[in-house]
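Architecture at a glance
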Amino acid sequence: MLNGVDIVFGLAWGDEGKGKVVSELNRKKTYDYVCRWNGGPNAGHTVYIDGKKYKTHQIPSGIFQNTNCIIGPGCVVDPIKLLQEITYLENAGFNPHKYLKIHPNTSMITPQNVEYDKMYLQKELGTTGCGIAPCYAERAMRKSALAKNFLPAMELGHMVWDCNFKKRSWILCEGAQGMWLDINYGNPPWTTSSETLPYAACSLGFSHNDIADVYGVAKMYDTRSGNDPRFPESLLECPERGMIGATGNEYGTTTGRKRKVDFLDLDALLRAIEVSGTTKLIFNKGDVLEKCGIFKLYYEKELIPFKSYDEMKDFITGIIANGTMLGDQVFFSESPEHLPMEVFI
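Let me begin by describing the structure that accompanies this report. Because the structure is predicted, anything quoted here is derived from the model rather than measured.

1. Digging into unusual backbone geometry
A cis amide bond, omega 5°, links Pro188 with the succeeding residue Pro189. The topology assignment puts Pro189 in the loop between β10 (170–174) and β11 (211–219). Located in the positive-phi region is Asp15, a residue other than glycine, with phi close to 60°. Taking the relative accessible area as the measure of exposure, Asp15 reaches 24% and is therefore partly exposed. Even without glycine at this site, Lys285 takes up a positive phi of about 65°. Here Lys285 is to be found in the loop between β14 (280–284) and α9 (286–292).

2. What to know about the packing of aromatic side chains
Tallied over the entire structure, the rule returns 13 aromatic pairs. When the ring of Tyr33 is compared with that of Phe165, the centres are 4.9 Å apart and the planes differ by 70°; the resulting orientation is edge-to-face. One end of the pair, Tyr33, is in strand β2 (residues 33–36); the other, Phe165, is in the loop between α6 (147–150) and β10, with 132 residues separating them in the sequence. Here the two residues Tyr33 and Phe165 agree in accessibility, since each one is buried. Judged by centre distance (6.4 Å) and plane angle (35°), the rings of Phe295 and Tyr309 are tilted. Taken together, the residues span a long stretch of sequence, with Phe295 in the loop between α9 and β15 (296–299) and Tyr309 in helix α10 (residues 309–323) at a distance of 14 residues. In terms of burial, Phe295 and Tyr309 fall into one category: buried. Put simply, the rings of Tyr33, Trp161 and Phe165 pair up and form one aromatic cluster. Just above the ring of Trp170 sits the side chain of Lys29; from NZ or CZ to the centre is 5.9 Å. It is Lys313 that lies over the ring of Phe332; its NZ or CZ is 5.4 Å from the centre.

Reading the values: the criteria
- Residues numbered from 1 in each chain as written.
- Predicted model: local features only at pLDDT ≥ 70, side-chain atom pairs only at ≥ 80, totals over all residues.
- Heavy atoms only, no water.
- Helix = DSSP H or I, 4+ residues; strand = E, 2+ residues; numbered from the N terminus.
- Buried < 20%, exposed > 50% of the residue type's maximum accessible area, 1.4 Å probe, protein only.
- Phe/Tyr/Trp six-rings, centres within 6.5 Å; stacked < 30°, edge-to-face > 60°.
- Lys NZ or Arg CZ within 6 Å of the ring centre and 35° of its normal.

Rendered as structure tokens:
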């Protein structure tokens, strides 16, 4: 029997700052395992360790604290990029060969998957061109290459592990993308190809009864990488949104693409909290709005301006208190590196 499972989940369109939350939680609470349950090298996480910035794409952020890191069977892995990421981490002083494990049934992205993605999907759907969708399609047809057959040939057979977690362990699950990119709840075809919601983390090999907390992560404004009618190209022409994007350094971790910026959609956020079962809500990048002096959000389909950051925060907490079961479990982070201590209490 496990001690429990905590899950970090994105409440928007990805890029909410989940990597920072995972790194901070693992540093403060000390988990036995940090796991990825969905996505592939199309999802990048950025974390700061002692003031230095690091990026991961497939390997969970727990690698920075020498925690056992697991890539689950619901993920897809590019073996070439995996080797590059392992080398990057080794050169930075970390030890992925010791701490990284991959489920034997995890699907492997082939060069043919990447070629198909770039030829047929990247321009039309705004994909990252990493071969994600074609690999998931092969997975659904039960034709994909599997880690248990692929990794030993790459001399990475020691990383294959069946997620037989030790008893009394604490597990932290690191989500990729976010609620509105989920293949079930997003806006097809402008979604990812996997299930991003917390329930899908159970594919790692534990019961939903083991889940303790779901840390839902949002930003104080919304961003979107890739194509989506909800985020038209015209957003890039707005001076206020452009200022927020430039101040927040809103470029994709994996692709470097400029993200489209819009004001926080509080209606969408409330729905995401409800569906995901979020128990603690963390807002990131409040410092960006403070630097810009721009405080606006959408609520009940109307754009509402505020005179100050504090006024905007008070409005948000009031709506969430009345519209969800979160109570006072709403936290605002104004630091790119650290979370408020109350998050860990």
